[in-house]
Amino acid sequence: MTEDPTKGLISEFAKELASQLPVKEALAPPARQTGQILEDIVKTIQLALVPFQLAGALQDRLRAFIDESVRRVPEPQRVSPAPQILGPVIEAIRYEPSGTELDDMFSELLSSSMDQSRLKDAHPAFPSIIRALSSDEAKLLKSLPNNPVRQISSSKLDRIRNLFEPMIIEALQVPATLDYPGNARIYLEHLRQLGLVEISTIRAPEPIME
């Protein structure tokens, strides 16, 4: 398989951007006006893109994404992002449409990696975890804190094999925004495997004897 030539350029761009982003300095003068700070960010992004031959649409995508992520961080708390986070995030968002749940997750992660007060929330493993999610899984994960998924199940005795077979009594209640709600159990199992959710049994299934 031929390697995507853009991938190397993206990695190099991430390194260049990390070195140029305006960040807090130990002996920095009093904070400048917000408008000037934001203008510097835009200029930094444009300058970092100059050496790289990226398609116009990709340049626009990167510029808008990074601009939004940086602006979310107060200037006094801004630090240079770790390359282990910035690089994978920049590589990932070129495949993700703007405005989706996954796009929001990547943007929030990048903001955290540049915010001195939230560095503990930006782990280098997070970009790969987000990339492993589907759009529906991201929607489901976002809804769980306020709307935990529940199901009532029972088990029926198979007298031939002398085993209790699980039987779903009540279907999962999932967000109406899911594109494929029928895949909810698959999504939950995948989220569990990633260590993002916990599935617990409140009460053992009740057997049905016939």
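Residues numbered from 1 in each chain as written. Predicted model: local features only at pLDDT ≥ 70, side-chain atom pairs only at ≥ 80, totals over all residues. Heavy atoms only, no water.

Caption draft 1: The arrangement of the packing of helix α5 (residues 101-113) against helix α7 (residues 135-143) in detail. Packing of α5 against α7 brings their axes to within 8 Å, and their N-to-C directions diverge by 65 degrees. On the basis of the axis angle, α5 is roughly perpendicular to α7. Along its contact with α5, which presents Glu101, Leu102 and Met105, the element α7 presents Ser135, Ala138, Lys139, Leu141 and Lys142. Tallied by class, the residues present in the contact of α5 with α7 amount to four nonpolar, one polar and three charged. (Axes fitted to C-alpha atoms, helices over the stretch in contact; angles between N-to-C directions. Helix = DSSP H or I, 4+ residues; strand = E, 2+ residues; numbered from the N terminus. Parallel < 35°, antiparallel > 145°, perpendicular 65-115°, else oblique. Contact = heavy atoms within 4.5 Å. Nonpolar A, V, L, I, M, F, W, Y, C, P; charged D, E, K, R; others polar.)

Caption draft 2: Structural detail: the confidence of the model for the chain. Per-residue confidence for the chain gives a mean pLDDT of 74; residues scoring 70 or more make up 63%. Scored below 50 in pLDDT, residues 24-38 makes eleven contacts in the model with residues more than four places away or belonging to other chains. (pLDDT = per-residue confidence, 0-100.)

Caption draft 3: Geometry of the packing of α7 against helix α8 (residues 184-193). Relative orientation of the contacting elements α7 and α8 amounts to 75 degrees, with a least axis distance of 10 Å. Here α7 lies roughly perpendicular to α8, going by the angle between them. Between α7 and α8, the residues in contact are Asp136, Glu137, Leu140 and Leu141 and Ala184, Tyr187, Leu188, His190 and Leu191, respectively.

Caption draft 4: Representation of the environment of valine 70 within the structure. Topologically, valine 70 is positioned in helix α3 (residues 56-71). Given the relative accessible area of 1%, valine 70 is considered buried. Remark: the alpha-carbon pair of valine 70 and methionine 114, spanning 44 residues in sequence, is separated by 7.4 Å. (Buried < 20%, exposed > 50% of the residue type's maximum accessible area, 1.4 Å probe, protein only.)

Caption draft 5: A look at the pattern of salt bridges. Scanning the model with the defined rule gives nine salt bridges in all. Glutamate 68 is the partner of arginine 72 in a salt bridge, and the nearest nitrogen-oxygen pair spans 3.5 Å. Residue arginine 72 is classed as partly exposed on the basis of its relative accessible area of 33%. Where arginine 118 meets glutamate 108, a salt bridge forms, and the shortest distance between an N and an O atom there is 2.4 Å. Taken as a pair, arginine 118 in the loop between α5 and α6 (126-131) and glutamate 108 in helix α5 lie far apart in primary sequence, ten residues in all. (Salt bridge = Lys/Arg side-chain N within 4 Å of Asp/Glu carboxyl O.)

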